[in-house]
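# A closer look at the structure
This is what each chain is made of:
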Amino acid sequence: MAPNEFRMRVAYRKTGRVRFLSHLEVMRALERSVRRSGLPYAVTHGFSPRMKLAFGPALPVGTAALREHFDVWTTRYVPAAEAMRALADATPPELAPHAVAYVAHREPSLGAAVTLAEYDVYMEGKGVTEEAVQRALDTVIGSGRLDVEHKGKQKVFDLSRSLPKEVRVRPTGSGVTATVTTRMGQEGSLRPDMLCTVALSRARCDGAVVRVTRTDTLIEEEEGPRRPL
Amino acid sequence: MPAESPDVAWERLEGVLARVERPARYIDSEWGAIRGRDGAYRAALAYPDTYEIGQANQALAILYQRLNAEEGFAAERVYVPWVDMAAEMRKERIPLFSLESLAPIAGFDLLGITLPYELTYTNVLELLDLCEVPLRAAERTDDHPLVVGGGPCAYNPEPMAPFFDALLIGEGEEAVLDIVRTHREAREEGRERAEVLERLATIPGVYVPSLYDVVSDGAPMNARPPAPDTVVKRAVTDLGEYRPPVCGVVPYMDVVHDRVAIEVLRGCTRGCRFCQAGMVYRPVRERVADDIVREVMEGLACTGYDEVSLTSLSTTDHSQLEEVVRRLTSRLESTGVSVSLPSLRVDAFSVGMARLLAAGGKLPGLTLAPEAGTQRLRDVINKNVTEDDLIDAVSRAFAAGWRRVKLYFMIGLPTETDADIVGIGELVRGVLSAAREAAGPDRGSVRVAVSVSTFVPKAHTPFQWLGQAPLDEILRRQQVLRDAVPRKGVDLSWHDADVSLLEAAMARGGREVASAIEAAWRSGARFDAWTERFDLTLWREAFASAGLDASSIAEREFGEEDVLPWAHISCGVSPDYLWREYERAVSATPTPDCSFDRCTGCEVCRALGIDLVVGGERRGAQ
Ligand code: SF4
């Protein structure tokens, strides 16, 4: 790490229509925001220099988010409030930054440190009631494991590890919302929409997951989980 | 059309987007997109292919900027949904919508569709159908948007003429405002569609097909007043008067030409005889160095891109290129931003410029286009490049660090014999050995890519009277080439000859071809430019169902006195000049570039009342 560089952490959201972007598309878009903002970003040394930028865990296409993070290294200290303003002015509102702060160089990377994610999964359809969905989810979770197929690959999740917190269902809009906290692990991370889809089919109701929002991402520490920023 | 708010429309769309490939194609919200303009007059601008193919189109970007800058007008974008999305939309009864406001296109005042290449023709019909707008202009009423075409293919508009209310021939900077203002005015006066069209036909450069009747095959079109007998293209006098759209839309998804593009000059007068662009975009008009440098810097700052391309048909011909390149490389030093040139002339100067631009960074791809394998054939097509130029350019490039070069050739060119094809093999061998020699100890990593397309005789070129070589013959010549090109160190690739045949049939046909295009679309043809979706059998059947034969149209020859299907359209270059150029081609006599030398008499300057705009002395190989 170059000694005269500063590590700036930015919290941002992914809302509205841009929830249909892939992680790669979001990364590229934010890299361009940083460039437009005029912040004195640092570049990597080497054959084709690139902006020094690091992101937290990937979000799938279709999943919205309220508190995602990236780190960007700058060559000059810029007061956080000023940086925040510059970034906000240079970013589409759907990906707007909402907090900026400096973090220590020695902190582990976002990708490695963030292990917990909280989601709101909104479901709708015939027979989709708070009780039915809660019961179905409890049954699935009670079985201790979940087999899912994703893109032709078979995955097995140990639910006692993957779901560190109780899953709660509440009525919202014309459907229900389940709040699911997942822990990312070796086998990848459990997609909360898959968990809910399995539960819906167990409950034999004619409903579907309509919208998924990652509401928080957290770093697990001995004193308990904390936000990256 | 029930007007929904964007939020309601979005809710209907969300479920669909969750089920389709690459939903980023349909979500708008990009940086630089212009939303919420409450123009009383709304235009939808369409590119007849997917978002990622059409997003970077510079002509549409110019129109988008021009219209949105005009009080009382608003422009939004639309692309052709991929087949999965189209199926979902039809199932859910969602009509095609604009990206920005998610509003149904059928409710717009105008739908502008650019025609970039012939293989997008079925996509135009798909687009109209998804918009729920009648395919044929004759079936539209006052309630439908005015459907206006433009772009390169408008120079032979006939195969698509029945589907358009009007087509703009030539450049849009000024004409687009003439069209929308005239349309709005005529409607405010309560004019009916037919009267609106008559008025549009009086705007220079505007072709209204319904006012031109086909009398009989081989006879001139009958133009009904006030439509002119010949529609002459529009062109702007001075590019410098129009700021290019430097702060355009910055897409989220990976699109073709995903970078800032600054048009540094328009037109090319090198005079390659196969090249339609070289004829129809005349004369040469350069932007001045100061403007180019300023626009590049501004474009980078407001888009956040890390790459900029200096675009045109022949950027290395710009008289101030060296100055531009030196100023940009010094201003962009150690920013990680790269500058690229889209195509290089085959000479040492061009390679030098590319080298300078790459200083310190990665070398860009090196693409050179000798087009033909022998000097005789290069003289026929007026590609004023010698074998020595090519070898010299390659030697310098490989000495400067390049290890790959891509060479473009064409087969099926007029007067071509097997000796010319064998000549391609020999030229490639020469390039390979020059490259290896220059690469020295690194000779093992040298690769030469050879890309071969099939010649399509295009309208408004000196070869417009000639037919395309028959498919069997092209396939035979491809085999000759395969045997002639060295294998080791060479990657040989082809354009599909089937595709070129269809391209020729659509580029050379008359109004009768429209029925074949419609029949092909009805039997499922769309995205024909996507190799996996192209089906010549389907197309042959479609032509047959319209009583036509695609091969006969592609191979048809015309005499000097014959009326060509595009005779009522003029790009300003005189037919006499084209015929003279054809005769010079047959005798393998080159014609110099008028921007280096004197006027060679194509007459475009007189016809359009404009002149060459060249900032300094043009240099480099002649
Ligand atoms: S009229 Fe003469 S100067 Fe003008 S483009 Fe043609 S050849 Fe060149």
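Residues numbered from 1 in each chain as written. Chains lettered and ligands numbered in written order. Predicted model: local features only at pLDDT ≥ 70, side-chain atom pairs only at ≥ 80, totals over all residues. Heavy atoms only, no water.

Here the focus is the domain arrangement of chain A. Residue and element names in this part refer to chain A. Domain boundaries assigned for chain A yield domain 1 (6–107) and domain 2 (114–219). Look at where the C-alpha atoms of domain 1 and domain 2 centre, and you get two points 29 Å apart. Summed over both partners, the interface of domain 1 with domain 2 comes to about 1000 Å²; 52% of that surface belongs to carbon and sulfur atoms. For the pair domain 1 and domain 2, the interface holds 2 salt bridges. One salt bridge connects Glu68 with Arg214, and the closest N-O pair in it is separated by 2.8 Å. If you look at where domain 1 meets domain 2, you find 6 residue pairs in polar contact (both at pLDDT 80 or more). (Domains from an automatic or database assignment. Buried area = accessible area lost by both parts, 1.4 Å probe. Salt bridge = Lys/Arg side-chain N within 4 Å of Asp/Glu carboxyl O. Polar contact = N/O pair within 3.5 Å; in protein donor to acceptor, adjacent residues only side chain to side chain.)

Moving on: the pattern of salt bridges. This model, assessed by the stated rule, comprises 79 salt bridges over all chains. Where Arg181 of chain B meets Glu70 of chain B, a salt bridge forms, and the shortest distance between an N and an O atom there is 2.5 Å. Of the two residues, Arg181 of chain B is situated in helix H6 (residues 172–188) and Glu70 of chain B in the loop between helix H3 (58–68) and strand S2 (73–79); the sequence distance between them amounts to 111 residues. For Arg181 of chain B, a relative accessible area of 36% gives the class partly exposed. With a shortest N-O distance of 2.9 Å, Arg259 of chain B and Glu307 of chain B are connected by a salt bridge. In this pair, Arg259 of chain B is assigned in the loop between strand S9 (231–232) and strand S10 (260–263) and Glu307 of chain B in strand S13 (residues 307–311), connecting sequence segments 48 residues apart. Shared partners join several salt bridges into a network, and the residues in it are Arg7, Arg9, Asp71, Glu107, Glu221 and Arg226 of chain A. (Helix = DSSP H or I, 4+ residues; strand = E, 2+ residues; numbered from the N terminus. Buried < 20%, exposed > 50% of the residue type's maximum accessible area, 1.4 Å probe, protein only.)

Residue-level contacts link 26 residues of chain A with 30 residues of chain B. Interface of chain A and chain B: buried area, both sides summed, is about 2300 Å²; carbon and sulfur atoms make up 55% of it. Taken together, the connections running from chain A to chain B amount to 6 salt bridges. Arg28 of chain A is the salt-bridge partner of Asp254 of chain B, the closest N and O atoms lying 3.7 Å from each other. The interface formed by chain A and chain B includes 10 residue pairs in polar contact (both at pLDDT 80 or more). Among the elements that make up the side of chain A that touches chain B, the one with the highest residue count is helix H1 (residues 23–37) of chain A (7 residues). Residue composition of the side of chain A that touches chain B, by class: 11 nonpolar, 3 polar and 12 charged. (Contact = heavy atoms within 4.5 Å. Nonpolar A, V, L, I, M, F, W, Y, C, P; charged D, E, K, R; others polar.)

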